[in-house]
Amino acid sequence: MRAFLKLLFRNGLAAMGAVVLAAILILVLITPLLPLQNPDSTATADRFQKPFSEGHPLGTDHLGRDLLSRLLHGTRLSLAVGIAAALIAATIGSAIGIIAGYFGGRTDNIIMRGVDMLMAFPYILLALAIVAALGPGLMNALIAVAAVNVPFFARNIRGITVGLAGREFIDAARLAGMGHTRIILTELLPNVLPVIIIAMSTTVGWMILETAGLSFLGLGSQPPQADLGSMLGEARSALISHPHTSVVPGIMIFLIVMSINLLGDGVRDALDPRLRSGALSRASATTLVDRKSDIPAATDDLLAIQELETQFHVGKRNYRAVGGVSLAVKPGECLGVIGESGSGKSVTALSVMGLVASPPGVITGGAVRFQGEDLIGTPYETLRQKRGDRVAYIFQDPLSTMHPLYRVGQQLAEAIRSHHRISKVDARARAIQLLKDVRIPNAESRVDNFPHEMSGGMRQRVGIAMALANEPEVIIADEPTTALDVTVQAQILSLLDDLRRDRGLAIIFITHDFGVVAQLCDRVAVMYAGRIVEEGPTQAVLGAPAHPYTKRLIACVPELGGGRRELAAIPGLPPVVDDLPPGCAFATRCDKAQEACQAGDVALKGAAPRAVRCLYPEEAV
Ligand code: ADP
Ligand code: MG
């Protein structure tokens, strides 16, 4: 609720609407307590007094009645009728919509055709017809306005409900033995309630106008009772000679409808969860860069990540997701990056091509050099040309990155054609060849599959094919096999290994699985809380881990045929990166930790390529 209000009031116009509306509401609520004259007592001698005349701050009307008093009483009545009509229409309309949408089939058909019939009449004509049938009067105007708005709610809510009624959580509720009423009340209603509130907040102003319209025509409130519409109607004949009698209620109507609509729009924006999470801002096409420190000098590596620092600036908090990471690969080399979930592996990988979402992501230091050229802070166009063409990514879940309505062949062809000018026919042939390269059987027919027609392993292979499409020099694979079973994982690993040997591809392979690292990687870097804590050739690190964290991670890996052995888990959780302790971030979970570990920064030490960030390593390096 607090987050909602905060978001609402960040929108200046909505805040203004809320303030004006609140002021009007308070004023009409205390109207009976104010020392006002009787709104209906006439004094013909005092007719058409100008505003600011004595005893009548807003003047008087054609019967000498005090306009201020009539205005406040009239507003009170108009608001009450408008809001009541909105509540009635929303309740009845939503109930109809939910029932039609939930039960579907014939129920839906009968109800909705009835609603359609109501909708087929012009709006105001229908309201007029209802009032004509019931007779003029404020109560009948209220019924008419509510009735003509029921179809609007019914249609809207039915549409939402139909979408929800087929979802799995409703099926689950039904299988759990819940009755229809309970499902509607506890499963459906909470989901449609925001929509109902939004629809109401944006239509209540409209309903106040409609009620005023009926009163203006003499079909709503009857004399001498004042509401905003009847005040306007009575002032009509004196519009030219005494404009203040119509301007006063006119301004009030304007203020009410305007403030309700501004507030309603604000409520809609603030309630929409998609807008809420993104806070109405879109991520920019490249990560923001704000580097204060010196930029490291070039090396002769193919891809070098140098002292990279990436942070997330959320409100006042600073999440240091990557705190000075250096990694490098040469052609044909495979580097493994390993660490628990949340250790900053993905953010490191995404920073390379400026893919970390900004806001909140900011690269605050270091460099990423591809063939010596610093990629950080390069213009979007330069980065775009390299993304996918020179440095490609393979992500964990290919289903969420592929378009569900295009065939995989088309998507592969698109990846190629966005970097190279080749004909559609050639692109398709290339797509088939790529599918063969990643060992998809029947590539010629599979190329016309939709993503959902493939198994998880096949989709992941399509993801790899897409990464290979433009023959990149570097592939960054972010846990590409985590979602797959072991046999498919083994195939994909050997595929990547072949590519590396055949094409001289450099691979940065991110994982949390030491088994995978042992199979594929020449070197490995262990990450913890956004920093590298140990690195070296895979055999050396696996054979003699130096950092206690690495040792514990390796102890977590079960071994087939290794006999009975206690499987270790590392107690505790990785630290939250917005408030990192000084010194070693692992110290609180480490059984070898001493006071010095938490005293100050621990440097990465060792004889290259072996290095460890620990004061009391398990093995000397
Ligand atoms: P992993 O090693 O599992 O890939 P990530 O690189 O995804 O970990 O995340 C590293 C850290 O960055 C985590 O502590 C995570 O909470 C934080 N982080 C990631 N994205 C955001 C974000 N948008 N806002 C704030 N913190 C984030
Ligand atoms: Mg990750």
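The structure displayed is predicted, hence computed values, not measured ones.

Further remarks concern the domain arrangement of the protein chain. For the protein chain, the assigned domains are domain 1 (6-28 + 59-275) and domain 2 (303-555). Computed over C-alpha atoms only, the centres of domain 1 and domain 2 are separated by 53 Å.

A separate point is the environment of V20. In this fold, V20 is placed in helix α2 (residues 12-29). In this structure V20 touches L255 and S259, once residues within four positions along its chain are discounted.

Locating P122 in the fold gives a position in the loop between α4 (105-120) and α5 (123-134). Judged by relative accessible area, which is 48%, P122 ranks as partly exposed. When the C-alpha atoms of P122 and T481 are compared, they prove to be 60 Å apart, with 359 residues separating the residues in sequence.

Taken together, F312, A321, E340, S341, G342, S343, G344, K345, S346, V347, P360 and V577 form the complete shell of residues around ligand 1. In this structure, K345 approaches ligand 1 through a main-chain N or O atom, which is 2.9 Å from an oxygen atom. Within the backbone of V347, an N or O atom sits 2.9 Å from an oxygen atom of ligand 1. Relative to its free-state accessible area of 570 Å², ligand 1 is covered by the protein chains to the extent of 67%. In terms of residue count, the dominant contributor to the shell around ligand 1 is helix α12 (residues 345-352) (three residues). Residue composition of the shell around ligand 1, grouped by class: five nonpolar, five polar and two charged.

Counting buried residues in helix α22 (residues 548-555) gives six out of eight residues, a clear majority hidden from the surface. Along α22, the residues classified as buried are P548, Y549, T550, R552, L553 and I554. The inward-facing, buried residues of α22 contact α20 (514-520), β10 (523-528), β11 (531-537) and α21 (538-543).

Moving on, we come to the nonpolar core. Buried together is how nonpolar side chains tend to be arranged in soluble globular proteins. By size, the foremost hydrophobic cluster in this structure holds 59 residues, and its most contacted members are L8, L188, M207 and I256. When neighbours within four sequence positions are excluded, I256 is seen to be in contact with I24, T75, L79, I208 and L228. In this structure, I475, V517, C521 and V533 belong to the second largest nonpolar core, which totals 58 residues.

A word on a positive patch on the surface. Residues R2, K6, R10 and K316 make up a contiguous surface patch of positive charge. Within the secondary structure, R10 is located in helix α1 (residues 2-10). Of the residues examined, R10 reaches a relative accessible area of 55% and is grouped as exposed.

Turning next to the pairing of strand β9 (residues 506-511). Judged by how many residues are buried, β9 sits mostly within the fold: six of six residues are covered. For strand β4 (residues 334-338) and β9, the ladder comprises five bridges, and the chain directions are parallel. The residue of β9 that forms the bridge with C334 is I507. In the sheet, strand β8 (residues 474-478) pairs with β9 via five bridges, with the strands oriented parallel. Note on β9: the bridge partner recorded for V474 is A506.

This part takes up the UniProt feature "domain: ABC transporter" (unreviewed entry) in the protein chain. Per the UniProt record, "domain: ABC transporter" (unreviewed entry) is found at residues 303-554. For residues 303-554, the end-to-end C-alpha separation is 28 Å, with 39% helix and 28% strand making up the annotated structure.

Applying the stated rule across the entire model yields 30 salt bridges. For D374, the salt bridge is made with R291, and the minimal N-O distance between the two is 3.0 Å. Of the two residues, D374 is situated in strand β6 (residues 373-374) and R291 in the loop between β1 (288-289) and β2 (303-314); the sequence distance between them amounts to 83 residues. Given a relative accessible area of 16%, D374 falls into the buried group. Residue classification places R291 among the partly exposed positions, given a relative accessible area of 22%. The salt bridge involving D497 is made with R501; its shortest N-O contact spans 3.0 Å. Of the two residues, D497 and R501 are both situated in helix α19 (residues 486-503); the distance of four residues between them amounts to about one turn of the helix. The network of salt bridges with common partners includes D40, D61, R65, R70 and E234.

Another aspect to go through is the packing of α2 against helix α3 (residues 67-103). Their axes nearest at 9 Å, the elements α2 and α3 cross at an angle of 110°. When the axis of α2 is compared with that of α3, the two are roughly perpendicular. Taken together, the residues of α3 that come into contact with α2 (itself represented by I24, L25, L27, V28 and L29) are L72, T75, R76 and L79. A per-class count over the contact of α2 with α3 returns seven nonpolar, one polar and one charged.

Strand order across the open sheet formed by seven strands is β7-β8-β9-β4-β10-β11-β12, with mixed pairing between neighbours. Two strands bound the open sheet, and with one partner strand each, they are β7 (391-394) and β12 (611-612). Packing of helix α18 (residues 456-468) onto the sheet brings it into contact with β7 and β8, and relative to β7 it is tilted by some 175°. Sheet strands in contact with α19 are β4, β7 and β9, and its direction is about 155° off that of β9.

What counts and what doesn't
Residues numbered from 1 in each chain as written. Chains lettered and ligands numbered in written order. Predicted model: local features only at pLDDT ≥ 70, side-chain atom pairs only at ≥ 80, totals over all residues. Heavy atoms only, no water. Domains from an automatic or database assignment. Helix = DSSP H or I, 4+ residues; strand = E, 2+ residues; numbered from the N terminus. Contact = heavy atoms within 4.5 Å. Buried < 20%, exposed > 50% of the residue type's maximum accessible area, 1.4 Å probe, protein only. Near = heavy atom within 4 Å. Polar contact = N/O pair within 3.5 Å; in protein donor to acceptor, adjacent residues only side chain to side chain. Areas by Shrake-Rupley, 256 points an atom, 1.4 Å probe, with all protein chains shown as cover. Nonpolar A, V, L, I, M, F, W, Y, C, P; charged D, E, K, R; others polar. Core = buried A, V, L, I, M, F, W, Y, C linked by side-chain atoms within 4.5 Å. Patch = residues over 30% accessible without salt bridge, like charges linked within 9 Å, V, L, I, M, F, W, Y side chains within 5 Å. Salt bridge = Lys/Arg side-chain N within 4 Å of Asp/Glu carboxyl O. Lys, Arg positive; Asp, Glu negative; His and termini not counted. Charge placed at Lys NZ, Arg CZ, Asp CG, Glu CD. Pairing = 2+ DSSP bridges. UniProt positions renumbered as here; feature names shortened; annotations may be inferred. Axes fitted to C-alpha atoms, helices over the stretch in contact; angles between N-to-C directions. Parallel < 35°, antiparallel > 145°, perpendicular 65-115°, else oblique.

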